[in-house]
Protein chains: 2
Amino acid sequence: MYSKKSPKEILHQYGLKVTNARVKVLHVLMQSQVALSHGDIFSRINGNGLDKVTLYRTLSSFVNAGLAHKVATEDRTWLHALHMPEERDEGVEDHAHFVCDTCERIYCLPLVTEAAAAVPIKESGFQVKSHEYRLHGTCPECH
Amino acid sequence: MYSKKSPKEILHQYGLKVTNARVKVLHVLMQSQVALSHGDIFSRINGNGLDKVTLYRTLSSFVNAGLAHKVATEDRTWLHALHMPEERDEGVEDHAHFVCDTCERIYCLPLVTEAAAAVPIKESGFQVKSHEYRLHGTCPECH
DNA sequence: AATATTATTGCAACAAAGTTGCATTTTTGC
DNA sequence: GCAAAAATGCAACTTTGTTGCAATAATATT
Ligand SMILES: [Mn+2]
Ligand SMILES: [Mn+2]
Ligand SMILES: [Zn+2]
Ligand SMILES: [Zn+2]
């Protein structure tokens, strides 16, 4: 899905300076179908010597630029994923996170638009501005 | 809503041994309309001298017993809340978490049953077993 | 192509949240 | 009350992520 554009082109498009660290990290994220932790990315990159702090800052820069987003896991860490192509056209918020209870991978999945509509709440006085839908179950790899 | 039963009675009901720490922590949780952090609870209890590790373990015991549940926050900490009365009758999973973007409080809110039904996903091969719906916006206290 | 400006990087030290091991104290069924 | 099992307190530890700062690299301009 990202095959049309190179990491460099994408970084330019998102207004980010093109650095070694960013090219490498973006490349890793582009290969992955699932959201990755700092540790996941770090181990796929090192050998190419990259400081852990730089990786944290690289990921932050991607999130701030709107190129990636992050998901909190049950064990208080962050996973990062690029926005899906569909999300670039539509709103960025409207997708679900699927957490596999077997392998713990987290996938970003598009929602059927109608189902993603605002959910009515019994109580009043709560103004809903955005939402996150998180699904738990078993992923295709695990059954 | 919990006024009918005392902390002691509730602890018995959930098969937990009645200890000072548990009675105090349960009391604090019963007073609160929102989910509380370890720090929130700790500061409301101390003076009554209670070790931080004991509080962690107390909260875990509540979650394991099914008396309380925990919600991960954006800053990678846990908040704890008692299950709502409605949830005790119905399933425990079916409620939404409302995160106020102003005061950062997290409320447990019941969902309209129809809206909580399974959301269809475009991809196939993902078996959904449970879900969490997290809403962001402004709470009644903040507007 | 060299220079100036500004952002990024690496390193070391630090912070916050939560966990573990173990000896001591409480709880509870009898 | 007594014994068995569970809960507690304390200290040390782990994991994840952050901060300050000097050195380096990226870009726009000449
Ligand atoms: Mn996602
Ligand atoms: Mn809740
Ligand atoms: Zn899986
Ligand atoms: Zn609020």
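Each chain has its residues counted from 1, following the order in which its sequence is written. Chains and ligands are labelled by the order in which they are written, letters from A for the one and numbers from 1 for the other. A pLDDT threshold of at least 70 governs which residues receive local features in this predicted model, and a stricter bar of 80 or more applies before side-chain atom pairs are shown or counted, although totals over entire chains, interfaces and linings include all residues. Calculated side-chain values reflect all of the structure's heavy atoms, with hydrogen atoms and water omitted.

All names here are of chain A. Distances from the manganese ion (ligand 1) to its protein donors, H69 (NE2), H95 (NE2), H97 (NE2) and C108 (SG), fall at 1.9 to 2.3 Å. With water omitted from the atoms examined, metal sites may look incomplete; donors here are N, O and S atoms no farther than 2.8 Å from the metal, or 3.2 Å in the case of Na, K and Ca. For the manganese ion (ligand 1), the single-chain donor residues occur in sequence as H-x25-H-x1-H-x10-C. Of this pair, H69 sits in strand β2 (residues 68-72) while H97 sits in strand β4 (residues 95-100); the two residues are 28 residues apart in sequence, bridging distant segments of the chain. Only runs of H or I of at least four residues qualify as helices and only runs of E of at least two qualify as strands under DSSP, and these elements are numbered from the N terminus.

In this section: the sheet that holds β4 of chain A. Pairs of strands are assigned from DSSP output, requiring at least two bridges between the strands. Strand order in the open sheet formed by six strands is β5(A)-β4(A)-β6(A)-β6(B)-β4(B)-β5(B), and the pairing between neighbours is mixed. Taken across any chain shown, the strands that pair with only one partner, and hence form the sheet edges, are β5 (106-110) of chain A together with β5 (106-110) of chain B. Across the sheet, the mean angle separating the axes of adjacent strands is 30° when strand polarity is ignored. To obtain each axis, a line is fitted to C-alpha atoms, and for helices this fit is confined to the stretch in contact; angles are then taken between N-to-C directions over 0 to 180 degrees.

If you check the shell around DNA strand D, you find 21 residues, and the closest are V18 of chain A together with T19, R22, T54 and R57 of chain B. Whether a residue is near a molecule or strand depends on its heavy atoms: if one lies within 4 Å, it is near. Taking all atoms of DNA strand D within 4 Å of the protein, the share assigned to sugar and phosphate is 65%. Polar contact criterion, stated in full: a pair of N or O atoms within 3.5 Å, where within protein one must be able to donate a hydrogen and the other to accept it, and residues adjacent in sequence count only if both atoms are side-chain atoms. R57 of chain B places a side-chain nitrogen or oxygen 2.6 Å from a base oxygen of DNA strand D. Throughout this entry, Asp, Glu, Lys and Arg are counted as charged residues, while Ala, Val, Leu, Ile, Met, Phe, Trp, Tyr, Cys and Pro are counted as nonpolar. The remaining residues, Gly among them, count as polar. Grouping the constituent residues of the surface near DNA strand D by class yields seven nonpolar, five polar and nine charged.

All names here are of chain B. Running from N to C, helix α2 (residues 20-31) and helix α3 (residues 38-45) cross one another at 110°; their axes reach a closest spacing of 10 Å. If you check the angle between α2 and α3, you find them roughly perpendicular. Helix-helix and strand crossings are classified by hand; for α2 and α3 the assignment is right-handed. Residues K24, V25, V28 and L29 of α2 pack against I41, R44 and I45 of α3. Residues that form the contact of α2 with α3 fall into these classes: five nonpolar, no polar and two charged. Our angle categories are set so that under 35 degrees counts as roughly parallel, over 145 as roughly antiparallel, 65 to 115 as roughly perpendicular, and the remainder as oblique. Left-handed describes a crossing whose near helix is turned anticlockwise from the far helix through less than a right angle; right-handed describes the clockwise counterpart. Two residues qualify as a contact provided that any one of their heavy atoms is within 4.5 Å of a heavy atom in the partner residue.

A word on the coordination of the manganese ion (ligand 2). On the protein side, the manganese ion (ligand 2) has H69 of chain B (NE2), H95 of chain B (NE2), H97 of chain B (NE2) and C108 of chain B (SG) as donor atoms, found 1.9 to 2.3 Å from it. On the basis of relative accessibility, which here comes to 13%, the residue C108 of chain B falls in the buried class. Accessibility here uses a 1.4 Å probe with only protein chains present; expressed as a share of the type maximum, an area under 20% marks a residue as buried, one over 50% as exposed, and anything in between as partly exposed.

Take the packing of aromatic side chains next. Stacked, tilted and edge-to-face are the three classes assigned to paired rings of Phe, Tyr and Trp, where Trp is represented by its six-membered ring and a pair needs centres within 6.5 Å; plane angles under 30 degrees give stacked, over 60 edge-to-face, the rest tilted. Evaluated as defined, the whole model comprises seven aromatic pairs over all chains. Their ring planes at 70° and their centres at 6.4 Å tell us that F98 of chain A and Y107 of chain A sit as a pair that is edge-to-face. No difference in accessibility class separates F98 of chain A from Y107 of chain A, as the two residues are buried. On the numbers, 4.9 Å between centres and 75° between planes, the contact of F126 of chain A with Y107 of chain B is edge-to-face.

Another aspect to go through is the sheet that holds strand β2 (residues 68-72) of chain B. All names here are of chain B. Reading across the sheet, the three strands line up as β1-β3-β2 and stay open at both edges, with antiparallel pairing between neighbours. Either end of the sheet is taken by a strand with one partner, and the two such strands are β1 (36-37) and β2. This element, helix α4 (residues 52-65), spans β2 and β3 (78-82) of the sheet and lies at about 110° to β2.

Contacts to DNA strand C come from 20 residues, most closely from T19, R22, T54 and R57 of chain A together with V18 of chain B. Backbone atoms, meaning sugar and phosphate, form 65% of the atoms of DNA strand C found within 4 Å of the protein. Side-chain polar atom of K17 of chain A to a sugar or linking oxygen of DNA strand C: 3.2 Å apart, as the coordinates give it. At 3.1 Å from a phosphate oxygen of DNA strand C is found a main-chain nitrogen or oxygen belonging to W78 of chain B.

As a further point, take the side chain of T58 of chain B. Residue and element names in this part refer to chain B. For T58, the location among the structural elements is in helix α4. Relative accessible area serves as the criterion here: at 4%, T58 is assigned to the buried category. For T58, the contacting residues outside a window of four places in its chain are A21, R22 and V25.

It is worth spelling out the side chain of E132 of chain B at this point. Residues and elements named next belong to chain B. With respect to the helices and strands, the residue E132 is situated in strand β6 (residues 127-138). When its relative accessible area of 15% is taken as the criterion, E132 is described as buried. Within the structure, the side chain of E132 is placed 3.1 Å from the side chain of R134, a separation counted as a polar contact.

Attention now moves to the pairing of β5 of chain A. Residue and element names in this part refer to chain A. Most of β5 sits inside the fold, with five of its five residues counted as buried. Relative to β5, β4 runs antiparallel, the two being bridged by five bridges. Bridging from a neighbouring strand, F98 pairs with Y107 of β5. Linkage of β4 to β5, two consecutive antiparallel strands, is achieved through a turn of five residues, within which E104 is found at a positive phi near 70°.

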